[in-house]
Amino acid sequence: MILTRLLASAALIPGAALVAAPTVNAPVTSATAAPMRVPEPARPALPRPPRLPGFAADLAQQPAIVGPAAWGRISQDDAWMRLSRAPQPERQQARWNYARSLIGQERGAEAFGVLEVMRQDDPDLEMVDTYRLAQGAALTLLGRYPDALASLGAAGLGTNPEACAWRLRALAQSALADQALAQLDCARGALTTPRPKAFVLAAARAAVEGGAPAKAMQWLAPLPDRDPAANLYRGRAELAQGHADEARLRFARVEKSGTMEQRMDARLSEVEAEVAHHTVGPEAALKRLDAIRYAWRGDAIEERALRLTYKLYDARGDLTGALAAGSALFRYHDAGQQGADFLPGLRAKLATALDPARKLPLDKAAGLYWDYRDIAPGGAEGDLMASHLAERLQQAGLYERAADLLSYQLFVRAGDLARGPLSARVATLFILAGRPDRALDTLRKSEDPSLPDAMIAARKRVEAAALSQIGRIDEAMAVLQDVPSADTLRAEILWKQRDWARYAEASAGSLPSGRALDTVGQAVVLRHAISLAMLGREEGLAGLHARYAAAFRGLPAAPVFEMLTGRREEATGPNLARAMAAMPSASPAGEFADLLERAPGSATKG
């Protein structure tokens, strides 16, 4: 409402613009249409000169704000009257008076808006300590505590009592009790006069959470006995001093008249005290903490509840519960405030939970890692943890789950040097899972021209295998064109595709030269013979017989070789099929042979 009136009042202040409003494109009508013009080339934006310069120096010469009297209130009608009638040289002063009045009324959003307009008209105000103080106060009222502390941290405000009072309030509301208490001596002069209740509550909270409950009771003494906010901190202070009965009564009164936030704080404070004094069992305490966390999320209350939940589960040796509570603390709150040993301890619990010695079933181990993968250790330790779990999934035939697990490692956690080999491994697993489409997508997303040549070649071999799985043979051949020692892989792809002409050409150069043939050598010769038989190339078959007949003599595959090369009249369709079935199972492509086995449905994917 106020900001709306502030915008409307701009018409009463010639040349003034209280906020930077975006340009709205109005619909073009016959009355507003203009001839079309070719747009001019964009020009570099130049800094806009200040519209109302000079007030920064005036404000710097005015007395410093050292107490609450500077935030004197002005009636709303009087403030608007002054704003509308102020001549241009006095406009910034009128705005400044209005902003101070709004801060005194705890209307932070409107005060910040006015201060921002002043800064836009005179950017030099950012260098004036008094302006920075008002800006920090407005930001504190808005709950933007980090920004407020940045404004209140100006060099000239270090010993200013009013700045210290606002810093104390911002720090206490940020749950930084020790730092807030450090502001007390400096702020004492500004807190001796009556202030809004929020300052007293901030000081009391800092005292309670900073280990000075007696001081908290002193700060709260002037507040009414029925005030629920004061009773909340009185109860917490009584608990800290060991007065359980008095605290219980204070908390019961908060339950009667407090806000939802205050009631949750009171319930949590009771649980904290009972756990500290061992008057409640872990099971009952955890149930009450679960109820609090179910009803209240997202601020210091939830953080305290999670911290206590984590502590209780850890004390019981419950890894699953500790990981659940600890990971929530890590994800949604500042892990740095939980202590230096918090994150290392949490990661150690995950490592313990996944230790093979615990013999956790594979599905549970994989689910546990996936749920808490963001807290896994970094560097080599985290890579090794993920790699071992992926190996177990691969051995169980769960290729896609293994690939998904390592994909997170690849795109979120792995360093630049590790992404090359890891990307090839992930793509390989996706091919084995019958998902060549996902393999190609992984390779595309992880492409990096700066990888070593050997790694680029390894990735291209996997890419060619994936392309062959979806029937894009020509593309697979093109990918392998510049890959060293890729003849065997090219031949294997063509063999799987039954492309006899191109296979015969590709495999001719890889025929073994020795007199003794191992199983791989036998497979190479027999495959080449089958391709020639399919093409009806009698001369080639005769040459193979002359070259390898002696080497096959006495081998189990000798009858097949003789039928293909020596008794060509027997090389009919059924006999050729039997010959292919009787060939040695060893593949010249080695580990890539499995990647080239067509998975069910893979030809239709991608």
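Since the model is a prediction, treat every value here as computed from it, not as a measurement.

How each quantity is defined
Residues numbered from 1 in each chain as written. Predicted model: local features only at pLDDT ≥ 70, side-chain atom pairs only at ≥ 80, totals over all residues. Heavy atoms only, no water. Helix = DSSP H or I, 4+ residues; strand = E, 2+ residues; numbered from the N terminus. Areas by Shrake-Rupley, 256 points an atom, 1.4 Å probe, with all protein chains shown as cover. Buried < 20%, exposed > 50% of the residue type's maximum accessible area, 1.4 Å probe, protein only. pLDDT = per-residue confidence, 0-100. Contact = heavy atoms within 4.5 Å. Core = buried A, V, L, I, M, F, W, Y, C linked by side-chain atoms within 4.5 Å. Phe/Tyr/Trp six-rings, centres within 6.5 Å; stacked < 30°, edge-to-face > 60°. Lys NZ or Arg CZ within 6 Å of the ring centre and 35° of its normal. Arc of directions from axis to C-beta. Axes fitted to C-alpha atoms, helices over the stretch in contact; angles between N-to-C directions. Left-handed = near helix turned anticlockwise from the far one by under 90°. Nonpolar A, V, L, I, M, F, W, Y, C, P; charged D, E, K, R; others polar. Salt bridge = Lys/Arg side-chain N within 4 Å of Asp/Glu carboxyl O. Polar contact = N/O pair within 3.5 Å; in protein donor to acceptor, adjacent residues only side chain to side chain. Parallel < 35°, antiparallel > 145°, perpendicular 65-115°, else oblique.

**Student:** Whenever I open this one, the overall build of the chain confuses me. Can you help?
**Tutor:** Regarding its fold elements, the chain presents 32 helices and 0 strands. Accessible surface, the chain: about 30900 Å² in total, of which carbon and sulfur atoms supply 54%.

**Student:** Would you take a moment to explain unusual backbone geometry for this structure?
**Tutor:** If a residue is not glycine, its phi is most likely negative; likewise, a peptide bond is most likely trans. Not every positive phi belongs to a glycine, and A175 is a case in point at roughly 65 degrees. For A175, the position within the fold is in the loop between α8 (161-173) and α9 (177-181). Of note in this structure, H278 is not a glycine but carries a positive phi near 55 degrees. Tracing the backbone shows H278 in the loop between α15 (260-276) and α16 (282-295). H278 sits in the exposed class, given a relative accessible area of 71%.

**Student:** Explanation requested: the confidence of the model for the chain in the structure shown.
**Tutor:** Detailed reading of the predicted coordinates is not advisable wherever pLDDT falls low. Model confidence for the chain is summarised by a mean pLDDT of 81, while 85% of its residues fall at 70 or above. Helix α6 (residues 129-142) holds the highest mean pLDDT among the elements of the chain, 95, whereas helix α1 (residues 2-8) holds the lowest, 40. Considering only residues more than four positions removed or in separate chains, one finds that residues 599-606, a stretch of pLDDT under 50, has 15 contacts.

**Student:** Is there a simple way to explain the nonpolar core in this structure?
**Tutor:** Inside soluble globular proteins, nonpolar side chains tend to come together where they are buried. Counting 105 residues, the largest nonpolar core has I493 and F552 as its most contacted members. Look past the residues within four positions of F552 in its chain and what remains in contact with it is L517, Q522, V525, L526, A557, A558 and F561. Grouped together as the second largest cluster of nonpolar side chains are 64 residues, I74, Y98, C164 and L191 included.

**Student:** When you look at the packing of aromatic side chains in this model, what are you seeing that I'm missing?
**Tutor:** The geometry of an aromatic ring pair is captured by the separation of the ring centres together with the interplanar angle, meaning the angle of the planes. Applying the stated criterion across every chain yields a total of 5 aromatic pairs. Look at W370 and Y408: their rings are 6.4 Å apart centre to centre, the planes differ by 70 degrees, and that puts the pair in the edge-to-face class. Residue W370 is located in helix α20 (residues 362-371), and its partner Y408 is located in helix α22 (residues 399-413); the two are separated by 38 residues in the primary sequence. Looking at W370, the relative accessible area reads 34%, which means it is partly exposed. For Y408, a relative accessible area of 16% gives the class buried. Relative to F561, the ring of F552 lies with its centre 4.3 Å away and its plane at 10 degrees, an arrangement referred to as stacked. Note on accessibility: F552 and F561 belong to one class, buried. Residue placement shows R144 over the ring face of F112; its charged tip is 5.2 Å from the ring centre. One residue, R169, lies across the ring of F199, its end atom 4.8 Å from the ring centre.

**Student:** Looking at this structure, how should I read helix α28 (residues 500-508)?
**Tutor:** An α-helical turn contains 3.6 residues, so any two residues separated by three or four positions project in the same direction. Every buried residue of α28 is accounted for by W500, Y503, A504 and S507. An end-on view of α28 places all buried positions within 100 degrees of arc, on one side of the element.

**Student:** I would appreciate a short explanation of the packing of α20 against helix α21 (residues 379-395) in the present structure.
**Tutor:** Angle between the axes and distance between the axes: these two values describe a pair of packed helices. Between α20 and α21, the shortest axis-to-axis distance is 11 Å and the interhelical angle comes to 145 degrees. α20 and α21 meet at a crossing whose hand is left-handed. Only M385, A386, L389, R392 and L393 of α21 make contact with α20, whose side of the interface consists of L362, A365, A366 and Y369. A per-class count over the contact of α20 with α21 returns 8 nonpolar, no polar and 1 charged.

**Student:** Where do I start with helix α24 (residues 436-445) in this structure?
**Tutor:** For α24, the complete set of buried residues consists of P436, A439, L440, T442 and L443. What you see down the axis of α24 is that its buried residues fit within an arc of 160 degrees, all on one side. Exposed residues pointing more than 90 degrees away from the buried face of α24 are listed as R444 and K445.

**Student:** Just checking my understanding: could you explain the pattern of salt bridges for this structure?
**Tutor:** Between side chains of opposite charge, a pair can form when the charged atoms approach closely. This model, assessed by the stated rule, comprises 36 salt bridges. Note that D265 is salt-bridged to R304, the shortest N-O span being 2.9 Å. Note that D265 is positioned in helix α15 and R304 in helix α17 (residues 300-316), a separation of 39 residues in sequence. A single burial state applies to D265 and to R304, both of which are buried. A salt bridge links R502 to D499; the shortest N-O distance between them is 2.9 Å. Residue class for R502 comes out partly exposed when judged on its relative accessible area of 32%. We classify D499 as partly exposed; its relative accessible area is 23%. Through salt bridges with shared partners, a single network forms among R205, E209, R236, D265, E272 and R304.

**Student:** Would you take a moment to explain the side chain of N97 for this structure?
**Tutor:** Secondary-structure assignment places N97 in helix α4 (residues 91-104). In this structure the side chain of N97 is engaged in a polar contact, spanning 2.6 Å, whose partner is the side chain of R100.

**Student:** Just to check I follow, could you spell out the packing of helix α29 (residues 519-535) against helix α30 (residues 538-552) for this structure?
**Tutor:** Direction vectors running N to C along α29 and α30 enclose 155 degrees, while the axes themselves pass 11 Å from each other. Overall, the two elements α29 and α30 adopt an arrangement that is roughly antiparallel. The two elements α29 and α30 meet at a crossing, and its hand is left-handed. Each of Q522, V525, L526, H528, A529, L532 and A533 in α29 lies in contact with α30, whose residues at this interface are G540, L541, L544, Y548 and F552. Its residues assigned to classes, the contact of α29 with α30 shows 9 nonpolar, 3 polar and no charged.

**Student:** What is the right way to read the environment of P484 from this model?
**Tutor:** Tracing the sequence through the fold places P484 in the loop between α26 (473-479) and α27 (487-496). It is 9.9 Å that separates the C-alpha atoms of P484 and A458, two residues lying 26 residues apart in sequence. When neighbours within four sequence positions are excluded, P484 is seen to be in contact with A457 and R461.

**Student:** What exactly am I supposed to notice about the environment of R515 here?
**Tutor:** With respect to the secondary-structure elements, R515 resides in the loop between α28 and α29. By relative accessible area, which is 80% here, R515 ends up exposed.

**Student:** How should I be thinking about the side chain of S151 in this particular structure?
**Tutor:** Considering the arrangement of structural elements, one finds S151 in helix α7 (residues 145-152). A polar contact is formed between the side chain of S151 and the side chain of Q135, at a distance of 3.0 Å. Non-local contacts of S151, meaning those with residues more than four positions away in its chain, are made with R132, Q135, G136, L139 and L157.

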